[in-house]
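What follows is the residue order along each chain.
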Amino acid sequence: MRGSSLCPKCGAKTCYRIDPVTLPGPHPHPMFEEFGLTGVDEQTGKGSVLGLIASREAVGAKSLVCASCGYAEVYVADLRLLERTRHEPGAGVTLVDRSKP
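Presented here is a report on the structure given in the accompanying data block. Numbering of residues starts from 1 in each chain and follows the order in which that chain's sequence is written. The model is predicted, so local features are restricted to residues of pLDDT at least 70 and side-chain atom pairs to those at 80 or more, both for listing and for counting; the totals for chains, interfaces and linings are taken over all residues. Only heavy atoms go into the side-chain values, all of them from the structure, while hydrogens and water stay out.

### What about the side chain of Glu-73?
Then, number 1: Looking at the element boundaries, Glu-73 is found in strand E7 (residues 72–76).
Then, number 2: Only protein chains enter the area calculation, which uses a 1.4 Å probe; residues under 20% of their type maximum are buried, those over 50% are exposed, and those in between are partly exposed. Positive charges come from Lys and Arg, negative ones from Asp and Glu, while His and the chain ends are left out of the count. What makes a salt bridge here is a side-chain nitrogen of Lys or Arg within 4 Å of a carboxyl oxygen of Asp or Glu, nothing more. Look at Glu-73: it is buried, it has no salt bridge, and the nearest opposite charge is Arg-2 at 6.6 Å.
Then, number 3: Contacts were defined at the residue level, with two residues in contact if any of their heavy atoms lie within 4.5 Å. Leave out the neighbours within four places in its chain, and Glu-73 touches Met-1, Arg-2, Pro-8, Lys-62, Ser-63 and Leu-64. Helical segments are the DSSP runs of H or I of at least four residues, strand segments are the runs of E of at least two, and each set is numbered from the N terminus.

### A few points about the pairing of E7
Then, number 1: Of the two faces of E7, only one is covered, namely that formed by Glu-73 and Tyr-75; the face formed by Ala-72, Val-74 and Val-76 stays uncovered.
Then, number 2: When DSSP finds at least two bridges between two strands, those strands are taken to pair. Inspection of the sheet shows strand E6 (residues 59–66) paired to E7 by five bridges, in the antiparallel sense. Looking at the pairing, Val-65 lines up with Ala-72 of E7.
Then, number 3: With antiparallel pairing between neighbouring strands as the criterion, E6 and E7 make up a hairpin whose turn holds five residues, including Gly-70 at a positive phi of roughly 85°.

Printed below as a string of structure tokens:
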């Protein structure tokens with residue numbers, strides 16, 4: 001959807017953009033917290049995959065959702081930060097490169 005503006009599942013031309021992707025917070029303020037795909041807690045060095053990250057270095061996400069069928073695509077907001085996070089122990093990020101035989 002991001003490149004073609006068409007839903008790859010149903011071909012629709014309308015979508016919702018969610019930027020940034022958030023989750024309801026545990027308290028009324030802030031009501032929503034940014035959803036981190038991965039990141040590293042700078043205090044302990046522990047990583048977390050697909051969850052809320054306390055670190056300010058969380059890899060945030062953007063999403064496009066088809067308005068017709070609900071198909072969703074999620075994009076990393078900062079690829080350079082994701083690459084840096086890949087080298088952190090416990091972050092759970094692995095680069096899979098199938099371009100080399």
